[in-house]
Amino acid sequence: MKYLIISLLFTLSMNTQVLFDFNNDDAANQWQIEDDVVMGGRSSGNFSLSDQGYGIFEGEVSLENNGGFSSLQNRHDPISVNKDSKIRLRVKGDGKRYQFRVKRSRRDYQSYITYFDTNGEWQEIEIALSDMYPNYRGNRLDGPNFNHDYFEVTRFFIGNKKPQSFRLLIDEITLVSE
C-alpha cells in the first residue's frame, strides 16, 4: 500500500500535456513528408490517418541516387519545456529502428536526435530531452545536448543505411514535465 501511495503521488506531481494526437483530419494537414528526393534520392514516404485515429507513417527507403531516408515532420508554435522535460511516444512499429528529432527553432540547421527501436507491438517510449544530442546530416555535432526552453519542430526519421519498407503507427505524443 505504501508503494502504491508513493507511486500515485509521484504521478500526480508530474504534469502531462498531449502535444499531438491523430483523432482528427486536421492532424494530417499539420505533418509533412520530407524524403531524400530533396537531394536527388528515390525514397518515398507517406502519411495518413487510420480509421482508428492513428497517424500512419509508411513507405520505402531507397539507396538509389545516394538516397536513404524518409521523415515526417511538424513545424509548430513553440512548445515550452524545462531541463527535466520528457517526451512520451505511444507508437507501434514494424521492428525497425527510428529516430525521434526536435529542433529548437525552424531556422536552426541542427536537430537534436535519439533512436528508438520498435517491436511490432504498442510501446510507450519515454525520451528525456536532455539526452537528445545535436546532429546535422547524419553527423553528430560537438555541442551540448538539448538544453533549451522550447522547440518548434518535431520529426520522425528512418534511415538505416539499407533499402527497406517501413510502417510506424503513432497514437500520441505527450510532454511530461515535473
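Fair warning: this is a prediction, and the values are worked out from it, not measured in the lab. (Residues numbered from 1 in each chain as written. Predicted model: local features only at pLDDT ≥ 70, side-chain atom pairs only at ≥ 80, totals over all residues. Heavy atoms only, no water.)

Novice: Quick rundown of the overall build of the protein chain? Include the residues and the values.
Specialist: Each helix and strand counted, the protein chain has two helices and 13 strands in total. Rg of the C-alpha trace for the protein chain: 17 Å, near the compact-globule value of 16 Å for 178 residues, within the 12% margin. Principal-axis analysis of the C-alpha atoms places the extent of the protein chain at approximately 60 × 40 × 30 Å. Residue burial in the protein chain is summarised as follows: out of 178 residues, 45% are buried. Put simply, 73% of the contacts in the protein chain that link residues at least 6 apart link residues at least 24 apart. With the model as given, the accessible surface of the protein chain reaches about 10,000 Å², and the carbon-plus-sulfur share is 44%. (Helix = DSSP H or I, 4+ residues; strand = E, 2+ residues; numbered from the N terminus. Rg over C-alpha atoms; globule rule 2.2 N^0.38 Å. Buried < 20%, exposed > 50% of the residue type's maximum accessible area, 1.4 Å probe, protein only. Contact = heavy atoms within 4.5 Å. Areas by Shrake-Rupley, 256 points an atom, 1.4 Å probe, with all protein chains shown as cover.)

Novice: Go over a nonpolar patch on the surface, please, and point to the residues and values.
Specialist: Residues V37, V38 and M39 make up a contiguous nonpolar surface patch of roughly 290 Å² in combined accessible area. Locating M39 in the fold gives a position in the loop between β2 (32–35) and β3 (44–49). (Patch = residues over 30% accessible without salt bridge, like charges linked within 9 Å, V, L, I, M, F, W, Y side chains within 5 Å. Salt bridge = Lys/Arg side-chain N within 4 Å of Asp/Glu carboxyl O.)

Novice: Account for the sheet that holds strand β5 (residues 70–80), with residues named and values stated.
Specialist: Strand pairing in a sheet relies on backbone hydrogen bonds. The paired strands run either parallel or antiparallel. The strand order across the open sheet formed by seven strands is β2-β5-β12-β7-β8-β10-β11, and the pairing between neighbours is antiparallel. Because the sheet does not close on itself, it has two edges, and the strands there are β2 and β11 (139–140). As paired elements, strand β10 (residues 133–136) and β11 share two bridges and run antiparallel to each other. Residue pairing across strands places N135 opposite R140, the latter belonging to β11. (Pairing = 2+ DSSP bridges.)

Novice: Give a description of the nonpolar core that names residues and reports values.
Specialist: I87, L89, F100, F116, F151, F156 and I173 are the most contacted members of the largest nonpolar core, which has 32 residues in total. If one sorts the elements of this core by residue count, strand β13 (residues 164–177) sits on top with five residues. What I87 contacts, discounting residues up to four positions off in sequence, is L19, F100, I125, E126, I127, L129, F151, I173, T174 and L175. (Core = buried A, V, L, I, M, F, W, Y, C linked by side-chain atoms within 4.5 Å.)

Novice: So what's going on with the environment of I170? Residues and values would help.
Specialist: Tracing the chain through its elements places I170 in strand β13. For I170, a relative accessible area of 0% puts it in the buried group. Here the alpha-carbon distance between I170 and D26, two residues 144 residues apart in the chain, equals 15 Å. With residues near it in sequence (within four places) discarded, I170 still touches F22, Y54, G55, L72, R90, V91 and F156.

Novice: Can you explain the environment of E152? Please cite residues and give values.
Specialist: With respect to the element layout, E152 can be found in strand β12 (residues 150–158). For E152, a relative accessible area of 13% translates into the label buried. Sequence separation between E152 and Q164 is 12 residues, and the spatial gap between their C-alpha atoms is 29 Å. Sequence-distant contacts of E152, that is, excluding residues within four places in its chain, are made with N74, R75, H76, P78, K103, R104, S105 and R106.

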